[in-house]
Amino acid sequence: MENQRIGVCSVCDEPIHYKYPCRCRREKPRVITLCGSTRFKKEFEEVNKNLTLQGNLVISVGVFGHSEGIQLSEQEKQMLDNIHLRKIDMADEIYVINFGGYIGSSTKNEIEYAKATGKEIRYHDEKAVN
């Protein structure tokens, strides 16, 4: 019964299924990629939780090298930096976690990339930026 069609939407002409609304009735959440130093793991988790509870789709860091003491090779660091740029490509905006005003070189590159690709940029600590 879960995948059973129950009709067609009169607005978008998409099939309506028992459990799932049609495309025009699904609200698209804002996609936000988190950027910042991996030394701020707890802060990333808190911001991720808060933004998610506000109804956003949040994309975060996959490896917290600094805070978890993970030794990464230069090749691994470069790969992770490139993956994060793809995450920015997927987003509507980036949210920079800049506690204490700290923005490292990787995060600076991500901000420049986001600017160059027309993404909205928000900072956790706006006062530290201005």
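This write-up is about the structure you can find in this document. (Residues numbered from 1 in each chain as written. Predicted model: local features only at pLDDT ≥ 70, side-chain atom pairs only at ≥ 80, totals over all residues. Heavy atoms only, no water.)

### So, helix H4 (residues 105-116)
Piece 1. Across its twelve residues, H4 extends 16 Å between first and last C-alpha, which sits within 8% of the 16 Å expected from 1.5 Å per residue.
Piece 2. Looking at the buried positions of H4, the neighbouring elements they touch are strand S3 (31-36), helix H3 (74-90), strand S5 (93-97) and strand S6 (120-123).
Piece 3. Of the residues flanking the end of H4, it is Gly118, one or two places downstream, whose phi is positive at about 75 degrees. (Helix = DSSP H or I, 4+ residues; strand = E, 2+ residues; numbered from the N terminus. Expected span 1.5 Å × (residues − 1). Contact = heavy atoms within 4.5 Å.)

### Section: the side chain of Asn98
Piece 1. Assignment of secondary structure puts Asn98 in the loop between S5 and H4.
Piece 2. In this structure the side chain of Asn98 is engaged in a polar contact, spanning 2.8 Å, whose partner is the backbone nitrogen of Asp125. (Polar contact = N/O pair within 3.5 Å; in protein donor to acceptor, adjacent residues only side chain to side chain.)

### Observations concerning H3
Piece 1. In a regular helix each residue adds 1.5 Å, so 17 residues correspond to 24 Å; H3 covers 25 Å between its end C-alpha atoms and thus fits that length.
Piece 2. Within the sequence span of H3, burial applies to His84, Leu85, Lys87 and Ile88. The buried residues of H3 occupy one face: seen down the axis, they fall within an arc of 155 degrees. Seen from the buried face of H3, the exposed residues on the opposite side, beyond 90 degrees, are Gln75 and Met90.
Piece 3. The secondary structure elements touched by the buried residues of H3 are S3, strand S4 (57-59), S5 and H4. (Buried < 20%, exposed > 50% of the residue type's maximum accessible area, 1.4 Å probe, protein only. Arc of directions from axis to C-beta.)

### Here's the deal with the pattern of salt bridges
Piece 1. Here the structure, examined in full by the defined rule, presents seven salt bridges.
Piece 2. Residue Glu93 is joined to Arg30 by a salt bridge in which the shortest nitrogen-to-oxygen separation is 2.7 Å. Placement of Glu93 in strand S5 and of Arg30 in the loop between strand S2 (15-17) and S3 is noted, with a sequence separation of 63 residues between them.
Piece 3. Residue classification places Arg30 among the partly exposed residues on the basis of a relative accessible area of 32%.
Piece 4. When salt bridges with common partners are traced through the structure, they connect Arg30, Glu93, Glu120 and Arg122 into a single cluster. (Salt bridge = Lys/Arg side-chain N within 4 Å of Asp/Glu carboxyl O.)

### Overview of the pairing of S5
Piece 1. Among the five residues in S5, five count as buried, and that is most of the element.
Piece 2. Across the two faces of S5 the burial is the same, with Glu93, Tyr95 and Ile97 and Ile94 and Val96 all buried.
Piece 3. Note that S3 and S5 share five bridges and pair parallel. Each bridged residue has a counterpart across the sheet, and for Gly36 the counterpart in S5 is Ile97.
Piece 4. Across four bridges, the pairing between S5 and S6 is parallel. Along S6, the bridge assignment pairs Tyr95 with Arg122. (Pairing = 2+ DSSP bridges.)

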